[in-house]
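Listed below are the residues making up each chain.
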Amino acid sequence: MQILSHFSSKASLSLLPLPRLSLSTALYFRRRPSKFQFCPSKHFQFPRLPLLVCNLSSGTSQQVPMDSPPPEATLSVDSLTHDLQNQSLTSDGHDQVNNKSENNGVNNTHAVRLKLEDLNWDNSFVRELPGDPRTDTIPREVLHACYTKVSPSAEVENPQLVAWSESVSKLLELDPEEFGRPDFPLLFSGASPLVGSLPYAQCYGGHQFGMWAGQLGDGRAITLGEVLNSKSERWELQLKGAGKTPYSRFADGLAVLRSSVREFLCSEAMHNLGIPTTRALCLVTTGKHVTRDMFYDGNPKEEPGAIVCRVSPSFLRFGSYQIHASREKEDLAIVRTLADYAIRHHFPHIENMSRSESLSFNTGNEEHSVVDLTSNKYAAWAVEVAERTASLVAKWQGVGFTHGVLNTDNMSILGLTIDYGPFGFLDAFDPSYTPNTTDLPGRRYCFANQPDIGLWNIAQFTRTLSAAQLIDDKEANYAMERYGTRFMDDYQAIMTKKLGLPKYIKQLITDPSIPEEELLNPLKAVLLDIGQERKEAWISWVKIYIEELAASGIPDEERKASMNAVNPKYILRNYLCQSAIDAAEQGDFGEVQRVLKVMERPYDEQPGMEKYARLPPAWAYRPGVCMLSCSS
C-alpha cells in the first residue's frame, strides 16, 4: 500500500515495514482535490517550492505566524482546549509550546528575575513514574522503568560559556546577570550540581531507518529536572553531552563543540522562524577533547568537547511508549501510566473534556464507524499528537528544513522539532536532498519523504497505544486520517501565504506576455540542472503563477510586504554554522553569538548583516559541512 503517494515519487512507504493495524483510512487523506498545484507535477508529485520560498527576499519588520486557519477548514477534533465546539485541539497546544505569548513568550511587565538557587524545581517525571532501582551507568537493559537516576559525569577543565539565549532565560524567569557568574559554566557542564535538580536519563526505544532497534534511551543527555515559572509553565532542562548513562551502550556519553553549536543555533533559529521546537538555554565548552570519527571511515580525531542545555516542556518521544509496549506483559501497564502522565501535565484540556456531539466523527460508510473522542481520552490524545506532528512537518516543508534522522525516538509527542543532528536547509531545490550521510543509500529521510515518514511514525505510535489497549483500530486509523488532512490543510495555507496568493484558483487560461526564455531567470539560483522536461514543467507553472497574481488584483507592493512577512531572509544554512564552529574551535565565540543574534529576526531587514543571507560559497559543499553522519 502506498501511503500519501501523491506527496512523493521517491521511496514509497509501501517498501517499508508497516504496522499490523489496518491503514485503509489513510487513503481518505485528501477527500477534495487541490485547487492549485504549487509546483510542476512531472516526475515529482509532492508539492514543492520550499527552497524558492526560503530565498525570497525579506523586507518587513514583523513576523507573521505560519499556522493560520487552513482554507476550506473541515470539522476536526479541533476543540478541546477552552471551548470544545469552537477552538482547535492543536492550535492552542502549539501556541502554548512554541510561542507562549508576545515577546518570545514573556510578559515583561513586572518581570520576575530569579537566581539559579531560586528556580522552582518540580521533578514530576521522577516522582510520578516508575524508575530504575539501580543508579550505576553500566550499559544494560533497563526493565520496567521510565528513567534511571544518574548524575552528569563529563570531565571538565576550565569550562567556558560560549553563548546563551535571552528569550529562553525569560521563559525560566532567570536573571540575565546569572550568566555572568564565575560558576555558571561549572553548573551547566554538570561539574557542580544545581540546587533542587534531580538528574535522570530517560529510557526509550525506537525504529531507526524503519527497523525496530530495541532499547535506545538518553545515551548522552541527562535531564536535570523540571522548572515551574510564575505562570505554572513547565520547562524541562537537559544537558546534552554530560556523560555516560546506562543507555550509552558503547559510546562515551559526550558531545563535541561542532554538533553542540549546530544544535544550539538551530533550536533558536527554528523558534524564531515560527516552527515548534525544543529550545536551548546555553552552550558551554568542557575544556576537554573528545575523540570522534566524523565519517565512520576509520579516521578519528580529537575535537573540543561541549555541552548544550536543552529546554522543552517535555522530552517524551514516540519511542518512550514503544519500548514498554515492545516488552509486553506487565510493561504494557507502563504505556498507560506514561500516557496518563503526558495528558495530565501537557494535554490537560483532554483530561478535562466533557462529552460533546461535535467530537464524534464518521470514519466511513460501514456500520459502527463513528469515533467519539470524548468517550476515550487516549483516542483524543492520539489524534492531537497526529495533528501536531502533521502541522510541524508542514512547517518544515514550508522553509525547506530537512531533519535528517526521523527515527521514532526523534519524534516528540508535543509536535516539536527535537534532536538536531545532521539537519539541513535546502540550498538548491532538490526534493531528494538528505543532509545525513548514513541516509544516502535509500534516502529514506530526504526532504520529499518527510510527510510520508511522519505518517509512518504516527502509525508506529498508534500501534503502540493499540497494543496497550488504549485505543482500537478504528481510533488508530482515524488519527492517521487526521494526520493527512491536517498536513495538507496546513501546507496549502502556508504555501498560499508564501506565494502571495489570496486564494486557490483551479486553472488559468491565458498565458503571460513574458518570453518563455526569461520566465525562469529569477529562479536560476535555486534550481538545479533540471533538464528539458522539468524545465518545461517549471515554465508552465510560472505562467500559471503569474496569471494568478495578475488575477488577484493585489498591488505588487502590498503583496511583497505580505510575502516578506512569511518568507525569511535569514536561514541557518550549514555553512553559517560551520563558520561559527571554525571560529569557536579556535576560542573565538563571537561568530556564534552574531549568528544567534541574526537568527533572532529572520524575517527582518538587518542592515550590515546581508552576508548572512547569501547562498553558500563553493567551500560549503565539502563533506562535513553540507552533509554529516547521524551522531557525533
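Keep in mind it's a predicted model, so treat the numbers as computed, not measured.

1. Thoughts on the nonpolar core
For step 1, the next point in the chain: In this structure, Leu265, Tyr321, Trp381, Ile413 and Leu572 are the most contacted members of the largest nonpolar core, which totals 101 residues.
For step 2, the next point in the chain: Take this core: its biggest share by element is 14 residues, from helix H11 (residues 377-399).
For step 3, the next point in the chain: Residues Leu116, Ile222, Val284 and Val311 belong to the second largest nonpolar core, which totals 34 residues.

2. Examining the packing of aromatic side chains
For step 1, the next point in the chain: Applying the stated criterion to the full structure yields 23 aromatic pairs.
For step 2, the next point in the chain: An angle of 90° between the planes, with centres 5.7 Å apart, marks the rings of Phe429 and Trp538 as edge-to-face. On the criterion of sequence distance, the pair formed by Phe429 in the loop between strand E13 (424-425) and helix H12 (450-467) and Trp538 in helix H15 (residues 531-552) is long-range, its members being 109 residues apart. Pair check on accessibility: Phe429 and Trp538 agree, each one buried.
For step 3, the next point in the chain: Where Phe487 meets Tyr491, the ring centres are 5.7 Å apart and the plane angle is 10°; that geometry is what we call stacked. Within this pair, Phe487 and its partner Tyr491 are both found in helix H13 (residues 473-498), separated by four residues, close to a single helical turn.
For step 4, the next point in the chain: Its relative accessible area of 0% is what places Phe487 among the buried residues.
For step 5, the next point in the chain: The ring of Phe423 has Arg262 lying over it, and the distance from NZ or CZ to the ring centre is 4.1 Å.
For step 6, the next point in the chain: Arg444 extends its terminal NZ or CZ atom over the ring of Trp456, reaching a point 4.7 Å from the ring centre.

3. Remarks on the pattern of salt bridges
For step 1, the next point in the chain: Scanning the model with the defined rule gives 35 salt bridges in all.
For step 2, the next point in the chain: Here Arg601 and Asp604 are joined by a salt bridge, their closest N and O atoms 3.2 Å apart.
For step 3, the next point in the chain: Among the residues examined, Asp604 registers a relative accessible area of 9% and is labelled buried.
For step 4, the next point in the chain: What you see here is one network of salt bridges that share partners, running through Asp122, Arg127, Glu128, Glu226, Arg234 and Arg344.

4. Some words on the packing of H11 against H13
Two quantities define a packed helix pair, namely the angle between the helix axes and the distance between the axes.
For step 1, the next point in the chain: Relative orientation of the contacting elements H11 and H13 amounts to 30°, with a least axis distance of 8 Å. Looking at the two axes, H11 sits roughly parallel to H13. Here the hand of the crossing between H11 and H13 comes out right-handed.
For step 2, the next point in the chain: Among the residues forming the contact of H11 with H13, the class breakdown is 15 nonpolar, four polar and seven charged.

5. Observations concerning the side chain of Thr462
For step 1, the next point in the chain: Along the chain, Thr462 turns up in helix H12.
For step 2, the next point in the chain: For Thr462, a relative accessible area of 0% corresponds to the buried category.
For step 3, the next point in the chain: Among the polar contacts made by the side chain of Thr462, one reaches the main-chain carbonyl oxygen of Ala459 at a distance of 3.0 Å.

6. Description of the confidence of the model for the chain
For step 1, the next point in the chain: Per-residue confidence for the chain gives a mean pLDDT of 82, with 77% of residues at or over 70.
For step 2, the next point in the chain: Overall, residues 1-108 carries pLDDT values under 50, and its contacts beyond four positions in sequence, including any with other chains, amount to 328 contacts.
For step 3, the next point in the chain: Low pLDDT (under 50) marks residues 505-510, which in the prediction has eight contacts with non-local residues, meaning those over four places away or in another chain.

7. Structural notes on the environment of Gly400
For step 1, the next point in the chain: As for its position among the elements, Gly400 is in the loop between H11 and strand E12 (401-402).
For step 2, the next point in the chain: Each C-alpha atom, one on Gly400 and one on Ala448, is 9.7 Å from the other, the two residues being 48 residues apart in sequence.

Rules used throughout
- Going along each chain's sequence as written, the residues are numbered from 1 onward.
- In keeping with the predicted nature of the model, local features appear solely for residues at pLDDT of at least 70, side-chain atom pairs appear and are counted solely at 80 or more, and the whole-chain, interface and lining totals rest on all residues.
- Where side-chain values are given, they derive from all heavy atoms of the structure, hydrogens and water being excluded.
- As used in this record, nonpolar core signifies buried Ala, Val, Leu, Ile, Met, Phe, Trp, Tyr and Cys residues forming a set joined through side-chain atoms within 4.5 Å.
- Burial here depends on accessible area, computed with a 1.4 Å probe over protein chains only, as a share of the maximum for the residue type. Under 20% is buried, over 50% is exposed, and the range in between is partly exposed.
- Secondary structure is summarised from DSSP: a helix means a run of H or I of at least four residues, a strand means a run of E of at least two, and numbering begins at the N terminus for each.
- Pairs were defined over the aromatic rings of Phe, Tyr and Trp, the Trp ring being its six-membered one, requiring ring centres within 6.5 Å. Orientation was assigned from the angle between planes: stacked under 30 degrees, edge-to-face over 60, tilted for the rest.
- Over a ring means this: the NZ of a Lys or the CZ of an Arg is within 6 Å of the ring centre and within 35 degrees of the ring normal.
- Take a side-chain nitrogen of Lys or Arg and a carboxyl oxygen of Asp or Glu: if they are within 4 Å of each other, that pair is a salt bridge.
- All axes are obtained by fitting lines to C-alpha atoms, using only the stretch in contact for helices, and the reported angles, taken between N-to-C directions, cover 0 to 180 degrees.
- Each angle gets one of four labels, with under 35 degrees taken as roughly parallel, over 145 as roughly antiparallel, 65 to 115 as roughly perpendicular, and the rest as oblique.
- Two helices that cross are described as forming a left-handed crossing if the nearer one is turned anticlockwise from the farther one by less than a right angle, and a right-handed crossing if clockwise.
- Each residue receives one of three labels: charged for Asp, Glu, Lys and Arg, nonpolar for Ala, Val, Leu, Ile, Met, Phe, Trp, Tyr, Cys and Pro, and polar for the others, Gly being one of them.
- Pairing of N or O atoms within 3.5 Å defines a polar contact, subject to two protein rules: one partner must be a possible hydrogen donor and the other a possible acceptor, and residues neighboring in sequence count only if both atoms are side-chain atoms.
- A score between 0 and 100, pLDDT records how confident the predictor is in each residue.
- Any pair of residues with heavy atoms lying within 4.5 Å of one another is described as a contacting pair.

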